[in-house]
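Residue-level listing of the chains:
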Amino acid sequence: MNPQAKLIFTISLMLGTTITISSHHWVVAWAGLEINTLAILPLISKSHHPRAIEAATKYFLTQSAASALLLFSSMTNAWHTGQWDITQMTHPMSSLILTSAIAMKLGLVPFHFWYPEVLQGSPLTTGLLLSTIMKLPPITLLFMTSPSLNPTLLTTMAILSAALGGWMGLNQTQIRKILAFSSISHLGWMAIILVYNPKLTLLNFYLYALMTAAVFLTLNSMKVLKLTTLMTAWTKTPSLNAMLLLTLLSLAGLPPLTGFLPKWLIIQELTKQDMAPAATIISLLSLLSLFFYLRLAYCTTITLPPHTTNHMKQWHISKSTNMLIAILTTMSITLLPMAPMILIII
């Protein structure tokens, strides 16, 4: 892709995100979401492969439908209450339609079918954008409207997302699809706590984005797309593979690592809100995700291929991403002891 074109699309992406997260009026927020959608489409379809074109078409159709629903819910709310302010979403039917629209934008169950297909058809760098930056504006809208959302609906969608995200990721061999189902599972954790403590949803999203960025950039530097390729990648970059193992375990939420922090706080908050059964169910469902993270980790460092290659070890990857991967991986592994400071900030 032309560097100037890529620069324009990247700036448009940042502009759309900034407009949505800083807006108070529904129409302005909707316009920001539309700019975002139009900016990411060329980045999805830049390889001109039929699968990439298919992914871009699916993404465009689902996002258009979600945007139309979002505009409809805000118009219905304005019709009943006379308010276009995002925080004044008080009409119950409008809140239900809004929840459906944002669930469709995020890929929450039962509106998740487009997400693994789109991620599979996109390059790894675009997949990183779809998994992190593109989820920020819808989550911000949920954060601002959280007092008026339906807790029963969100809890049901969250538990279904954690279940399906874990269940459907079990038999995948394509790494991008595994990361897509991982994202759906993490969205369940974000949605279940949204009504009770919205700041924990944002904390969970920030840490998830941090760990996912580390995984995507590492896989991109190793040029790995399938489990079979991952099994032989350790011969090229052994140190990077060892760090990828720890980052994957952190993404799974194992205790000494950063990923354990949001799960711990969410389970604690759910117990305080007398939702111990929901906390138990979603904790058990996270074991499904843990299985495919462990399988990825096993393929990364523990499995030895039958014939090791005899070429020189590639200790240096491209210098532009080298420092970024080092910073993100370190933060993905070691932030748990800083939990009190993080909690003070939020």
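Taking an unreviewed UniProt entry as the reference, the protein is identified by name as NADH-ubiquinone oxidoreductase chain 2 belonging to Prunella modularis. What UniProt records for the protein under Subcellular location (unreviewed entry) is the sentence "Mitochondrion inner membrane". Of the protein, the UniProt comment under Sequence similarities (unreviewed entry) reads exactly: "Belongs to the complex I subunit 2 family."

As enumerated under the stated definition, the model contains five aromatic pairs in all. Relative to Tyr115, the ring of Trp114 has its centre 5.4 Å away and its plane inclined at 75°; by these criteria the two rings are edge-to-face. Across the pair, Tyr115 and Trp114 agree in class, each one buried. Here the aromatic rings of Phe260 and Trp264 are separated by 5.8 Å at their centres, their planes lie at 10°, and the arrangement is stacked. In this pair, Phe260 and Trp264 are both assigned in helix 13 (residues 260–272), four residues apart and thus about one turn of the helix distant. A network of ring pairs unites the aromatic residues Tyr59, Trp114 and Tyr115 as a single cluster. The ring centre of Tyr115 lies 4.0 Å from the NZ or CZ of Lys135, which sits over that ring. When the ring centre of Trp189 is taken as reference, the NZ or CZ atom of Lys263 above it lies at 5.1 Å.

The residue Ser250 is located in helix 12 (residues 238–252) in this model. When neighbours within four sequence positions are excluded, Ser250 is seen to be in contact with Met211, Leu257, Thr258, Gly259 and Ser332.

When you line up the elements, Leu179 lands in helix 9 (residues 175–193). With 10 residues separating them along the chain, Leu179 and Gly169 place their C-alpha atoms 8.3 Å apart. Non-local contacts of Leu179, meaning those with residues more than four positions away in its chain, are made with Leu119, Val215, Phe216 and Leu219.

Here we take up the pattern of salt bridges. Using the criterion set out here, one finds three salt bridges in the structure. Where Glu54 meets Lys58, a salt bridge forms, and the shortest distance between an N and an O atom there is 2.7 Å. Here Lys58 and Glu54 lie together in helix 3 (residues 50–81), a separation of four residues that amounts to about one turn. For Glu54, a relative accessible area of 39% puts it in the partly exposed group. Judged by its relative accessible area of 29%, Lys58 is partly exposed.

What counts, and where the lines are drawn
- Residues numbered from 1 in each chain as written.
- Predicted model: local features only at pLDDT ≥ 70, side-chain atom pairs only at ≥ 80, totals over all residues.
- Heavy atoms only, no water.
- UniProt positions renumbered as here; feature names shortened; annotations may be inferred.
- Phe/Tyr/Trp six-rings, centres within 6.5 Å; stacked < 30°, edge-to-face > 60°.
- Buried < 20%, exposed > 50% of the residue type's maximum accessible area, 1.4 Å probe, protein only.
- Helix = DSSP H or I, 4+ residues; strand = E, 2+ residues; numbered from the N terminus.
- Lys NZ or Arg CZ within 6 Å of the ring centre and 35° of its normal.
- Contact = heavy atoms within 4.5 Å.
- Salt bridge = Lys/Arg side-chain N within 4 Å of Asp/Glu carboxyl O.

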